Amino acid sequence: MKYYFLGKRPIYLVILKICKLFRLRPITQLLLYLIEHFSNKQIDSQKALTIICPDPKNSSLCHNEINPKFDLQIIVPVYNVEQYIQECIDSILNQTTHYSYIVTIINDGSPDNSRNILKQYESLDNVIIIDQENRGFSGARNRALENIYGKYLMFVDSDDKLADGAIEALLNAATTMNADIVEGGAIYFNNQKIIRRVSHTPEEHLQLLTGFPWGKVINSELMKKVHFPEDYWFEDTIFFFLLFDMAQNMAQIKDVVYYYRYNQQGITSKSKGQSKSLDTFYLTEQLLKDRKALGLPFSQNMYEKFLYQLRTNFYRTIFLKKVQLPMFLESCRLKNAEFNLQMQQNSD
């Protein structure tokens, strides 16, 4: 599809004025750049994006088997974490709780000594260790989700750890509040030094929680038809775009349940300037298709989340100068294709 962009002076003057009014300086700078270099130029936006980074084209839709023998199943993907993995697993197994739980550990083709460390847990009745060739974070989590054994699910990253009493606090809240998703507080740390603490005011019937999979318990029924889309960065977006809208009730508790280790090699840090960060747009497009397949409404609330996601996409790709214009144009196409008809029907 061919586009013409900012061909009339009054249009971009209005946009620039809005950006300045809301102090959106990076966006203002971007628009100035686009005006200078692309005004009245013809662009094949889809082709431009594909050249920079191809779309993995993997859906989040699937079918997982659920056979809840335990109150909770904890899923831990393992890759190159030999200095942290024992502390992580011990923090899970040392929980004091009256709830039953099983730990599924996926050795995702880890080339370091992680697998040897895991041998000490092989004989435990509530631990399952699965070995597979490397499939990344999504592929590791998805392997465990193929057979779900818990009424609730929890995801723990293998360089992090659970706080004492985390399982008891989260499942107590899930049971008492009849909540599909319960989120607790977290401590962010590095080298045993606490960097910041995030706590919540206890509240239920929420529309949004943080978009991370960790620090929560999730009703496993929510993931009967959904898993993490593979080969994408930012796969956690399924919470923001799908799972939060699938949940009937969500809640937060004040208890700190999770210790999150700052990782300089994480996606957030290493994605800056990488062409693979364009996945953030492709994933937005794919999850809109998945929402439609799941029958989730394109409501005013979803429209606002879509706009928020566009802002997130912009900041994730801010160092990819060549991608900003085509991504903006394709985002406009998404908005027109997915929301205009629905919003028009809602207003009739």
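Quick caveat: nothing in here was measured; it's all calculated off a predicted structure.

1. Quick word on the overall build of the protein chain
Right, on to step 1. Counting secondary structure elements, the protein chain contains 13 helices and twelve strands.
Right, on to step 2. Taken over 348 residues, the protein chain has a buried fraction of 50%.
Right, on to step 3. Considering only contacts in the protein chain between residues 6 or more positions apart, those separated by 24 or more positions represent 83%.
Right, on to step 4. Total accessible area computed for the protein chain in this model is approximately 17500 Å², and 50% of it derives from carbon and sulfur atoms.

2. Focus on helix α6 (residues 136-145)
Right, on to step 1. The element α6 is extensively covered by neighbouring structure, given that seven of its ten residues are classed as buried.
Right, on to step 2. Every buried residue of α6 is listed here: Ser-138, Gly-139, Ala-140, Arg-141, Asn-142, Ala-144 and Leu-145.
Right, on to step 3. Structurally, α6 contributes buried residues whose contacts are with β3 (65-78), β4 (101-108), β5 (127-132) and β6 (147-155).

3. Considerations on the packing of helix α10 (residues 279-294) against helix α11 (residues 300-316)
Right, on to step 1. Between α10 and α11, the least distance of the axes is 9 Å, while the angle of their chain directions is 160°. One finds that α10 runs roughly antiparallel with respect to α11. The hand of the α10/α11 crossing is right-handed. Residues Thr-280, Phe-281, Thr-284, Leu-288 and Arg-291 of α10 lie in contact with α11, whose contacting residues are Met-302, Phe-306, Gln-309, Asn-313 and Arg-316.
Right, on to step 2. Within the contact of α10 with α11, the residues separate by chemical class into four nonpolar, four polar and two charged.

4. What to know about the packing of aromatic side chains
Each aromatic ring pair is described using two quantities: the centre-to-centre distance and the angle formed by the ring planes.
Right, on to step 1. By the definition in use, this model includes 16 aromatic pairs.
Right, on to step 2. A centroid spacing of 6.1 Å and a plane angle of 65° characterise the contact between Phe-239 and Phe-244, whose relative ring orientation is edge-to-face. Exposure class is identical for Phe-239 and Phe-244. Each is buried.
Right, on to step 3. Members of the aromatic cluster, joined through ring pairs, are Tyr-188, Phe-212, Trp-214, Tyr-258, Tyr-260 and Tyr-262.
Right, on to step 4. Residue placement shows Lys-161 over the ring face of Tyr-259; its charged tip is 5.3 Å from the ring centre.

5. Digging into unusual backbone geometry
Right, on to step 1. Backbone geometry places Lys-57, a non-glycine residue, at a positive phi of 55°.
Right, on to step 2. Judged by relative accessible area, Lys-57 falls into the exposed class, the value being 62%.
Right, on to step 3. The phi torsion at Phe-234 lies on the positive side, around 65°, for a residue other than glycine.

6. Brief notes about helix α12 (residues 321-338)
Right, on to step 1. With 18 residues, α12 extends 26 Å between its outermost C-alpha atoms, agreeing within 8% with the 26 Å of an ideal straight helix rising 1.5 Å per residue.
Right, on to step 2. Looking only at α12, the buried set comprises Val-323, Gln-324, Leu-325, Pro-326, Met-327, Leu-329, Glu-330, Ser-331, Arg-333, Leu-334 and Glu-338.

7. What to know about the pattern of salt bridges
Right, on to step 1. If you walk through the whole model with that rule in mind, you get 14 salt bridges.
Right, on to step 2. Linking Asp-236 and Arg-141 is a salt bridge whose minimum nitrogen-to-oxygen distance equals 3.3 Å. Of this pair, Asp-236 sits in the loop between β11 (216-219) and α8 (237-246) while Arg-141 sits in helix α6, and the two are 95 residues apart along the sequence.
Right, on to step 3. Between Arg-333 and Glu-285 there is a salt bridge; the shortest N-O distance is 2.8 Å. Placement of Arg-333 in helix α12 and of Glu-285 in helix α10 is noted, with a sequence separation of 48 residues between them.
Right, on to step 4. Note on Glu-285: relative accessible area 13%, which makes it buried.

8. Quick look at the environment of Asn-301
Right, on to step 1. Mapped onto the fold, Asn-301 is located in helix α11.
Right, on to step 2. Note on Asn-301: relative accessible area 27%, which makes it partly exposed.
Right, on to step 3. Between the alpha carbons of Asn-301 and Asp-245 there is a distance of 9.9 Å; along the sequence they are 56 residues apart.
Right, on to step 4. In contact with Asn-301, not counting residues within four places along its chain, are Gln-207 and Asp-245.
Right, on to step 5. Within polar-contact distance, the side chain of Asn-301 engages the side chain of Gln-207 at 3.4 Å.

9. A look at the packing of α8 against α10
Right, on to step 1. For the pair α8 and α10, the least separation of the axes is 9 Å and the interaxial angle reads 15°. By the angle between their directions, the pair α8 and α10 is classed as roughly parallel. In this structure, the crossing between α8 and α10 has a hand that is right-handed. Side by side, α8 and α10 meet where Thr-237, Ile-238, Phe-241, Leu-242, Asp-245 and Met-246 of the first sit next to Leu-283, Thr-284, Leu-287, Leu-288, Asp-290, Arg-291 and Leu-294 of the second.
Right, on to step 2. Taken together, the residues of the contact of α8 with α10 sort by class into eight nonpolar, two polar and three charged.

10. Some thoughts on the side chain of Glu-235
Right, on to step 1. Along the chain, Glu-235 turns up in the loop between β11 and α8.
Right, on to step 2. Classification of Glu-235 by relative accessible area gives buried; the value is 9%.
Right, on to step 3. Polar side-chain contacts of Glu-235 include one of 3.5 Å to the side chain of Arg-141.
Right, on to step 4. Discounting chain neighbours no more than four positions away, the residues touching Glu-235 are Phe-137, Ser-138, Arg-141, Phe-228, Pro-229 and Leu-283.

Analysis parameters
- Residues numbered from 1 in each chain as written.
- Predicted model: local features only at pLDDT ≥ 70, side-chain atom pairs only at ≥ 80, totals over all residues.
- Heavy atoms only, no water.
- Helix = DSSP H or I, 4+ residues; strand = E, 2+ residues; numbered from the N terminus.
- Buried < 20%, exposed > 50% of the residue type's maximum accessible area, 1.4 Å probe, protein only.
- Contact = heavy atoms within 4.5 Å.
- Areas by Shrake-Rupley, 256 points an atom, 1.4 Å probe, with all protein chains shown as cover.
- Axes fitted to C-alpha atoms, helices over the stretch in contact; angles between N-to-C directions.
- Parallel < 35°, antiparallel > 145°, perpendicular 65-115°, else oblique.
- Left-handed = near helix turned anticlockwise from the far one by under 90°.
- Nonpolar A, V, L, I, M, F, W, Y, C, P; charged D, E, K, R; others polar.
- Phe/Tyr/Trp six-rings, centres within 6.5 Å; stacked < 30°, edge-to-face > 60°.
- Lys NZ or Arg CZ within 6 Å of the ring centre and 35° of its normal.
- Expected span 1.5 Å × (residues − 1).
- Salt bridge = Lys/Arg side-chain N within 4 Å of Asp/Glu carboxyl O.
- Polar contact = N/O pair within 3.5 Å; in protein donor to acceptor, adjacent residues only side chain to side chain.

Spatial relationships are all this shows, so hold off on functional conclusions.
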